[in-house]
Amino acid sequence: MSIFARIKSRFTARAKALIGGALSWAGVNWTSDLCASLGGGPARNPQGWLNAFKTCTQLRAPVNRIAEDVAAVPFHLKRRLPGAVGLNGKVPAEIVHEGNANAVEAWILRILKQPNPRMTGTRFRWLIEVYLETVGYAPIQIIWETVRLNGRKTQFPAQLKPIPPHRLVSLPAEGKPYFVVLGARGQRVEIAAGSVIWLNLIDVLDPYGMGAGAAQAVDDEVSQINYAGVWNNNFYRQGASPGTVVGLDGTSHDTKKQIQGEWDSKYTGVHNAHRTLFVDGKITVNNLHPTHKEQDFAATQQHLGDRLRFNWGMPPELLGDV
């Protein structure tokens with residue numbers, strides 16, 4: 001049996017072990033919503049976590065740093081030296097490179113260097129680590145290819161393709177030995193369990209479930225950062241509710257509309273901030289919104305950033321925050 005046949009056999013055996021009743025969810029008709037809820041925090045599904053990674057700088061910084069460090073680790077293929085005796089019972093091995101690789105080893109080296117036509121090995125490992133840190137699981141599809149080796153036909157993994165976690169609809173279950181994912185056009189695609197490498201970070205509350213990313217521990221902090229950003233946008237765009245109430249004593253309705261029109265055209269928006277408006281008559285002004293200083297935004301943002309870095313045990317200097 002070739003090395004890749006053994007690898008496929010192990011993948012298939014592992015998938016069958018997952019299906020074989022050890023999991024509490026076996027036999028359940030899973031839906032995409034249920035899988036999404038298991039893959040994210042209480043208020044964030046997998047797509048929500050990936051969006052947060054794209055839009056939240058405080059979350060992206062530590063996760064991206066970890067993913068880049070993981071992706072930068074060089075991978076080596078080693079060959080055991082038969083008949084040699086090593087120290088402490090270890091079998092001696094030599095590093096395989098393109099110059100001394102046989103046909104099978106050359107195939108493995110190519111997969112490590114370029115898992116699929118659109119990703120180098122470095123970018124592939126970076127993406128997988130981002131999925132694990134945020135969502136908690138990173139399924140990888142194996143694209144098999146039948147080749148002839150030493151006069152025999154065998155299957156080799158021709159490509160490795162990450163499956164976006166938010167496109168995973170259901171896991172294998174009893175009587176359903178395949179994963180279901182959403183294709184690029186929204187169609188449901190069945191992928192045999194033996195053609196998927198299942199990587200996840202164990203969820204301590206559900207060790208046989210989908211998994212839980214480290215980012216879920218800072219779900220509240222990420223939400224606060226998002227809400228603060230929305231508040232800031234509304235503040236500068238004048239928001240949906242009035243920040244100030246102006247009382248004009250004895251002014252007619254038409255006059256109020258005229259003043260309102262002038263105010264909206266000349267004194268709202270970022271570029272018109274802090275301009276002065278003079279009107280006739282007695283005016284009462286009541287500010288309803290606290291200022292940025294009263295909200296203490298700078299200190300709050302710094303505190304939330306510290307909380308996120310603390311979650312990954314990462315000092316601020318490592319992210320260039322000095």
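For the structure itself, consult the block above.
Described in the following lines is the structure provided in the data block. Owing to the predicted nature of the structure, the values given are computational and were not obtained by experimental measurement. (Residues numbered from 1 in each chain as written. Predicted model: local features only at pLDDT ≥ 70, side-chain atom pairs only at ≥ 80, totals over all residues. Heavy atoms only, no water.)

In this section: the pattern of salt bridges. For the structure shown, the criterion picks out 6 salt bridges. Between Asp 219 and Arg 44 there is a salt bridge whose closest N-O contact spans 3.0 Å. Here Asp 219, found in helix 7 (residues 219-236), pairs with Arg 44, found in the loop between helix 2 (32-39) and helix 3 (46-55); they are 175 residues apart in sequence, far enough to count as distant. Asp 219 sits in the buried class, given a relative accessible area of 5%. With a closest N to O distance of 2.7 Å, Glu 105 and Arg 79 form a salt bridge. In this pair, Glu 105 is assigned in helix 5 (residues 103-113) and Arg 79 in strand 1 (residues 77-80), connecting sequence segments 26 residues apart. Three or more residues joined by partner-sharing salt bridges are found here, namely Arg 79, Glu 94 and Glu 105. (Salt bridge = Lys/Arg side-chain N within 4 Å of Asp/Glu carboxyl O. Helix = DSSP H or I, 4+ residues; strand = E, 2+ residues; numbered from the N terminus. Buried < 20%, exposed > 50% of the residue type's maximum accessible area, 1.4 Å probe, protein only.)

What follows covers the sheet that holds strand 8 (residues 196-200). What the 3 strands build is an open sheet, ordered 4-3-8; its pairing is antiparallel. Unpaired on one side and paired on the other, strand 4 (152-162) and strand 8 mark the two borders of the sheet. Neighbour-to-neighbour, the strand axes of this sheet turn through a mean angle of 25°, independent of strand direction. Strand contacts of helix 5: strand 3 (137-149) and strand 4, with the helix running at about 10° to strand 4, the strand carrying the most contacts. The strands touched by helix 6 (residues 121-134) within the sheet are strand 3, strand 4 and strand 8, with strand 3 carrying the most contacts at an inclination of about 145°. (Pairing = 2+ DSSP bridges. Axes fitted to C-alpha atoms, helices over the stretch in contact; angles between N-to-C directions. Contact = heavy atoms within 4.5 Å.)

This paragraph deals with the environment of Leu 77. Of note, Leu 77 is situated in strand 1. What Leu 77 contacts, discounting residues up to four positions off in sequence, is Glu 94, Ile 95, Val 96, Glu 105, Ile 108 and Leu 109.

We now examine the sheet that holds strand 7 (residues 188-192). Within the open sheet, the 3 strands sit side by side as 5-6-7. Their pairing is antiparallel. The open sheet is flanked by strand 5 (168-170) and strand 7, the only strands paired with a single partner. Neighbour to neighbour, the strand axes of the sheet diverge by 35° on average, direction disregarded. Across 5 bridges, the pairing between strand 6 (residues 178-182) and strand 7 is antiparallel. Note on strand 7: the bridge partner recorded for Phe 179 is Ile 191.

This paragraph deals with the nonpolar core. Formed by 52 residues in total, the largest nonpolar core has its most connected members in Leu 59 and Leu 168. Among the elements that line this core, the one with the most residues is helix 6, at 7 residues. With sequence-adjacent residues up to four places away left out, Leu 59 is seen in contact with Trp 49, Ala 52, Phe 53, Ala 215, Val 222, Leu 308 and Trp 312. (Core = buried A, V, L, I, M, F, W, Y, C linked by side-chain atoms within 4.5 Å.)

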